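Working through the structure, step by step
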Amino acid sequence: MAASVQPEDVTDSQVQKESPGGAPPPDSPDLRSVLVTSVLNLELLDVDLYRGIHHWVPTTQRLFGGQIVGQALVAAAKSVEEELHAHSLHCYFVRAGDPKVPVLYQVDRIRNGRSFCVRSIRAIQHGQPILICQASFQKMQGSPLQHQFTMPTVQPPEQLITREELIEKYLRDPNLVEKYRLGLNKILAQEVPIEIKPVNPPDLFNRQPQDPKQLFWVRARGYIGPSDMKLHCCVAAYISDYSFLGTALLPHLKHSMKFMASLDHSMWFHASFRSDDWMLYECESPWAGSSRGLVQGRLWRRDGILAVSCAQEGVFRVKQEQPKPKL
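Residues numbered from 1 in each chain as written. Predicted model: local features only at pLDDT ≥ 70, side-chain atom pairs only at ≥ 80, totals over all residues. Heavy atoms only, no water.

- Labelled according to an unreviewed UniProt entry, the chain appears under the name Acyl-coenzyme A thioesterase 8, originating from Pleurodeles waltl.
- One UniProt comment on the chain, placed under Subunit (unreviewed entry), says "Homodimer."
- Taken directly from UniProt, the Sequence similarities (unreviewed entry) text for the chain runs: "Belongs to the C/M/P thioester hydrolase family." (UniProt positions renumbered as here; feature names shortened; annotations may be inferred.)

As structure tokens, then:
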């Protein structure tokens, strides 16, 4: 992808005036995003010690990594001054999370500088860390040195159907195999607090290898509001882990997966954005091998500004095919 001069950045105040894709202002608390009211809402236990609970558990029955990363960033953000905003985070998933118990978040104030400060966060269950995260915050500073890649040209979200509408389209097919129907109904029953519109929806039952790339529009369900950029970064951390690692599997759809899990997750925040407005998530996997796969992602604002960059590595275990008996 060719680099280009970055368009003139939009100021924070301009971003705050924009209304998210048709979303009304929060005249009622019912319109507030569940990501704000529940999912990323932590209970203060002591100085720099918080407790979070879980509001969506995947079918794997392991905690959703995006929620743990998002809650860890919430805890870290509570320990920094108002004018400091997250510019990067780096996490390691060290143990599978237990969906039956809350997670404790312990924040260590590693460094307070004039322009940057660093926090270390441990997410703890059963007395052991399940995630280790380092987050860095920066005071907003201007610079004449600016550039970015060019946003892909795709259909706007208004012209695309949601992931749920795509599944409902499959379910209307009277010839759909029953086991697929049961699986799709399970997916449809999950109350995921984000909305997704695939740009080029794949055939869910086509097991032919595909390029390790995918594009989809994504936003938080409900209204979050423009006032707190820290919160939008935490919501983006939640969003960024959803359907991300699966990009590395697209060239290998003929293989049956025995196990897959995230090993680490990194993010860099470049510009102001609204996580309750549509952003284009561009995902690609440049490499897979040694039972691991690497994925990279970019979250674009609708006006072409690169808002967030992401990277993640995961572990993949493939089911061993049983040899056919000889006649």
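**Points about the side chain of aspartate 264**
- When you line up the elements, aspartate 264 lands in strand E11 (residues 257-269).
- As a buried residue without a salt bridge, aspartate 264 has its nearest oppositely charged side chain in arginine 292, at a separation of 7.7 Å.
- Within polar-contact distance, the side chain of aspartate 264 engages the backbone nitrogen of glutamate 313 at 2.9 Å. (Helix = DSSP H or I, 4+ residues; strand = E, 2+ residues; numbered from the N terminus. Buried < 20%, exposed > 50% of the residue type's maximum accessible area, 1.4 Å probe, protein only. Lys, Arg positive; Asp, Glu negative; His and termini not counted. Salt bridge = Lys/Arg side-chain N within 4 Å of Asp/Glu carboxyl O. Polar contact = N/O pair within 3.5 Å; in protein donor to acceptor, adjacent residues only side chain to side chain.)

**Digging into helix H6 (residues 229-240)**
- Counted at 1.5 Å a residue, the expected span for H6 with its 12 residues is 16 Å, and the 16 Å between its end C-alpha atoms agrees.
- Burial analysis of H6 places 12 of its 12 residues in the buried class, which makes it a mostly covered element.
- Structurally, the start of H6 carries an N-cap: the backbone nitrogen of lysine 230 is 3.0 Å from a side-chain oxygen of aspartate 228. (Expected span 1.5 Å × (residues − 1).)

**So, the packing of aromatic side chains**
- Within this structure, the stated rule accounts for four aromatic pairs.
- Consider the rings of phenylalanine 64 and tyrosine 238, whose centres lie 4.9 Å apart with planes at 75°: the pair is edge-to-face. In this pair, phenylalanine 64 is assigned in the loop between strand E3 (49-52) and helix H3 (65-77) and tyrosine 238 in helix H6, connecting sequence segments 174 residues apart. Here phenylalanine 64 matches tyrosine 238 in class, with each residue buried.
- Taken together, the ring pairs in this structure connect Phe64, Tyr238 and Tyr242 into an aromatic cluster. (Phe/Tyr/Trp six-rings, centres within 6.5 Å; stacked < 30°, edge-to-face > 60°.)

**Structural notes on a negative patch on the surface**
- On the surface, Glu81, Glu82, Glu83 and Asp228 cluster together into a patch of negative charge.
- Along the chain, glutamate 82 falls in the loop between H3 and strand E4 (84-93). (Patch = residues over 30% accessible without salt bridge, like charges linked within 9 Å, V, L, I, M, F, W, Y side chains within 5 Å. Areas by Shrake-Rupley, 256 points an atom, 1.4 Å probe, with all protein chains shown as cover. Charge placed at Lys NZ, Arg CZ, Asp CG, Glu CD.)

**Digging into unusual backbone geometry**
- Located in the positive-phi region is histidine 126, a residue other than glycine, with phi close to 55°.
- Positive phi, normally seen in glycine, also occurs at serine 290, with a value near 55°.
- Assignment of secondary structure puts serine 290 in the loop between strand E12 (279-289) and strand E13 (292-301).
- Serine 290 sits in the exposed class, given a relative accessible area of 63%.

**Details of the sheet that holds strand E10 (residues 213-220)**
- Read from one edge to the other, the open sheet built from 12 strands follows the order E2-E3-E5-E6-E7-E4-E11-E14-E13-E12-E10-E9, with strand pairing classed as antiparallel. The open sheet has two edge strands with one neighbour each: strand E2 (43-46) and strand E9 (194-198). Averaged over all pairs of adjacent strands, the angle between their axes in this sheet comes to 25°, without regard to strand direction.
- Sheet analysis places E4 next to E11, joined by five bridges and oriented antiparallel. The residue bridging histidine 90 from the neighbouring strand is serine 266, located in E11. (Pairing = 2+ DSSP bridges. Axes fitted to C-alpha atoms, helices over the stretch in contact; angles between N-to-C directions.)

**What about the pairing of E4?**
- Of all 10 residues that make up E4, seven are buried, and the element is covered over most of its length.
- Bridge count between E4 and strand E7 (residues 128-139): nine bridges; the pairing is antiparallel. Residue pairing across strands places cysteine 91 opposite cysteine 133, the latter belonging to E7.

**Describing the state of the cysteines**
- In the structure shown here, the tally under the stated rule is zero disulfides.
- Here cysteine 233 is not cross-linked by a disulfide; its sulfur's nearest cysteine counterpart is in cysteine 234, at 6.9 Å.
- Residue cysteine 233 is classed as buried on the basis of its relative accessible area, which comes to 2%. (Disulfide = S-S within 2.5 Å.)

**Details of the pattern of salt bridges**
- Per the stated rule, a full pass over the model turns up 10 salt bridges.
- Residues arginine 109 and aspartate 48 are paired through a salt bridge, measuring 2.8 Å at the closest nitrogen-oxygen approach. With arginine 109 in strand E5 (residues 103-112) and aspartate 48 in the loop between E2 and E3, the pair connects residues that are 61 residues apart, well separated along the chain.
- You can call aspartate 48 buried: its relative accessible area is 11%.
- Here glutamate 195 makes a salt bridge to arginine 219, at a shortest N to O gap of 3.2 Å. Residue glutamate 195 is located in strand E9, and its partner arginine 219 is located in strand E10; the two are separated by 24 residues in the primary sequence.

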